[in-house]
Each structure stands twice: as structure tokens, then as C-alpha cells.
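In case you want the letters, here they are:
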Amino acid sequence: MRAFFYLYCMKIKISRGATFQGNSSTAGMIILIGGILLIIYTDLIIFSLLSISIGLILFLKVNGLIIDTQEKRYKPYLDLLLFKYGKWHELAPYDQLTLKLFNESQTMNMVSISNTHTIRTYDVCLRGNKVPDILLKDFVEYENARKFLNTVAEKLQMKTFDAYAEFLKKRK
């Protein structure tokens, strides 16, 4: 059902979820705390509920990316309630979709214990010459990343490059 909807409207919507970063999230947290304090210490119920609502909306802002496959353009957006704010950009500088491996390790050392934790994700990016890569989505499982890469490449009619598969070929 979802795949039919995406093909019908010719737009790919990629939500990255709430980031809890930036000035608007900080302002939202301050307004939210102020609204809670107002409801506890004063009788200004309507003003405090309004403050709590505005604070929550700003604090829980959602970032994402919309790709219009018909018009060949993309829009990084900020979602506040039902409104998506952002500016459209052309996809022309991007000619390829790339799947690449991202590893990150962190080591914790104590007097007698040392523990290393490694996180591996597979990133699907738009890549072009002379422009920075655009991260579309990251995955924990390679199969899901590969399926997403092929689906988006088919809709955008772009060539793909699987850097992880090439790395495995060279390793053998």
C-alpha cells in the first residue's frame, strides 16, 4: 500500500525524526519548562497551556527530506505540526546513489576493564561532482539498505554504486 502511494504521488519522503538539537529545540524546552512552572505556581491556565503546546511543538521538531521524482528536485525540511518548511533544490548536480559502510568505535577504559563497542551502519547517499553528499537514510542491516538503494534509484532513474560490496570483493 505504501509503495503504491509513493509511486502515485511521485515523491519520496524520508523522515529523520526529532533531533532535539539547535536553537529551536532549546527555545522549545525553555518555553515548555516555563509553561509547566506557570501552571504550578500561577492561575494563568490558558497562557500556561499555550506555552506548553508551543514548547512541545518547537522541542519535538522533525527533520527530513522530500525528493520529487517527477520534477527532479529535493527539499530538506523542518516539520512543525503539519507544515513542512524548507527550500527546493535541483537534483541535477547529483548523478549517483551510493551505499557505503560507516563504522564508529568507542573504547571505555577503567583500571582493570577495557571494553570497545563498535557501531556499523550502512548509509545511502546522493552523490555528485563538486557538491557535498546528501545522506538519505542509514540502516543497521545491509539487506534493507540495498533494497532502499534499488527502490530510490529506480524512482530517480539514477545509477548506483555499492561501496560495501566493492570492499568485500577487494577483500576476497
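Since this is a predicted model, take the numbers as computed values, not measurements.

Student: With reference to specific residues and values, describe the pattern of salt bridges.
Tutor: Inspection of every chain in the model, using the stated rule, returns six salt bridges. Salt-bridge contacts for Asp 68 lead to Arg 73; the nearest nitrogen and oxygen are separated by 3.5 Å. Under the relative-accessibility criterion, Arg 73 is labelled partly exposed at 24%. Ionic pairing is found between Lys 84 and Asp 79, a salt bridge with its closest N-O pair at 3.5 Å. Lys 84 gets classed as partly exposed once you look at its relative accessible area, which sits at 29%. You can call Asp 79 buried: its relative accessible area is 13%. One salt-bridge network, held together by shared partners, links Lys 100, Arg 127 and Asp 133.

Student: Break down the sheet that holds strand 7 (residues 114-128) for me, with residues and values.
Tutor: Pairing within the open sheet is mixed, and its four strands lie in the order 8-7-6-9. Edge strands, defined here as strands with exactly one partner in the open sheet, are strand 8 (131-139) and strand 9 (159-162). Within the sheet, the average angular offset between the axes of one strand and its neighbour, ignoring direction, is 30°. The sheet contact formed by strand 7 and strand 8 spans six bridges and is antiparallel. Of the residues in strand 8, the one forming a bridge with Asp 123 is Asp 138.

Student: Kindly report on a nonpolar patch on the surface, identifying the contributing residues and their values.
Tutor: A surface patch of nonpolar side chains, about 980 Å² in accessible area, is lined by Met 29, Ile 33, Ile 36, Leu 37, Ile 39, Ile 40, Tyr 41, Ile 45, Ile 46 and Leu 49. Of all the secondary-structure elements, those providing two or more residues to the nonpolar patch are helix 2 (23-41) and helix 3 (45-59). In terms of residue count, the dominant contributor to the nonpolar patch is helix 2 (seven residues). Within the secondary structure layout, Leu 49 lies in helix 3.

Student: Would you mind going over the side chain of Gln 96 in detail, with residue names and values included?
Tutor: Along the chain, Gln 96 falls in strand 6 (residues 94-109). The class of Gln 96 is buried, set by a relative accessible area of 15%. Among the polar contacts listed, one links the side chain of Gln 96 to the side chain of Thr 98, at a separation of 3.3 Å. Leave out the neighbours within four places in its chain, and Gln 96 touches Cys 125, Leu 126, Arg 127, Met 158, Lys 159 and Phe 161.

Student: Run through the nonpolar core, naming residues and quoting values.
Tutor: Core analysis: the biggest nonpolar cluster contains 23 residues, and Ile 67, Leu 97, Val 124, Leu 126 and Leu 136 have the highest contact counts within it. Mapped by element, the contributors of at least two residues to this core are strand 1 (11-18), strand 2 (62-68), strand 6, strand 7, strand 8 and helix 4 (142-156). Counting residues per element, this core draws most heavily on helix 4, at six residues. Dropping the residues within four chain positions of it, Leu 97 is found in contact with Cys 125, Leu 126, Leu 136, Leu 149, Val 152, Ala 153, Met 158, Lys 159, Thr 160 and Phe 161.

Student: Quick one: what's the story with the pairing of strand 7, residue by residue and with numbers?
Tutor: When strand 6 meets strand 7, the two strands line up antiparallel, connected through 15 bridges. Bridging across to strand 7, Asn 103 finds its partner in Arg 120. Connecting the antiparallel pair strand 6 and strand 7 is a turn made up of four residues. Hairpin connection between strand 7 and strand 8: a loop of two residues separates the two successive antiparallel strands, and Lys 130 in this loop has a positive phi of roughly 65°.

Student: Tell me about the packing of helix 2 against helix 3, and please be specific about residues and values.
Tutor: Their axes nearest at 7 Å, the elements helix 2 and helix 3 cross at an angle of 155°. Considered as vectors, helix 2 and helix 3 are oriented roughly antiparallel to each other. Considering only the axes of helix 2 and helix 3, their crossing is left-handed. Only Ile 45, Phe 47, Ser 48, Leu 49, Ser 51, Ile 52, Ile 54, Gly 55, Leu 56, Leu 58 and Phe 59 of helix 3 make contact with helix 2, whose side of the interface consists of Ser 24, Ser 25, Gly 28, Met 29, Ile 31, Leu 32, Gly 35, Ile 36, Leu 38 and Ile 39. Here the contact of helix 2 with helix 3 is composed, by residue class, of 14 nonpolar, seven polar and no charged.

Calculation notes
- Residues numbered from 1 in each chain as written.
- Predicted model: local features only at pLDDT ≥ 70, side-chain atom pairs only at ≥ 80, totals over all residues.
- Heavy atoms only, no water.
- Salt bridge = Lys/Arg side-chain N within 4 Å of Asp/Glu carboxyl O.
- Buried < 20%, exposed > 50% of the residue type's maximum accessible area, 1.4 Å probe, protein only.
- Pairing = 2+ DSSP bridges.
- Helix = DSSP H or I, 4+ residues; strand = E, 2+ residues; numbered from the N terminus.
- Axes fitted to C-alpha atoms, helices over the stretch in contact; angles between N-to-C directions.
- Patch = residues over 30% accessible without salt bridge, like charges linked within 9 Å, V, L, I, M, F, W, Y side chains within 5 Å.
- Areas by Shrake-Rupley, 256 points an atom, 1.4 Å probe, with all protein chains shown as cover.
- Polar contact = N/O pair within 3.5 Å; in protein donor to acceptor, adjacent residues only side chain to side chain.
- Contact = heavy atoms within 4.5 Å.
- Core = buried A, V, L, I, M, F, W, Y, C linked by side-chain atoms within 4.5 Å.
- Parallel < 35°, antiparallel > 145°, perpendicular 65-115°, else oblique.
- Left-handed = near helix turned anticlockwise from the far one by under 90°.
- Nonpolar A, V, L, I, M, F, W, Y, C, P; charged D, E, K, R; others polar.

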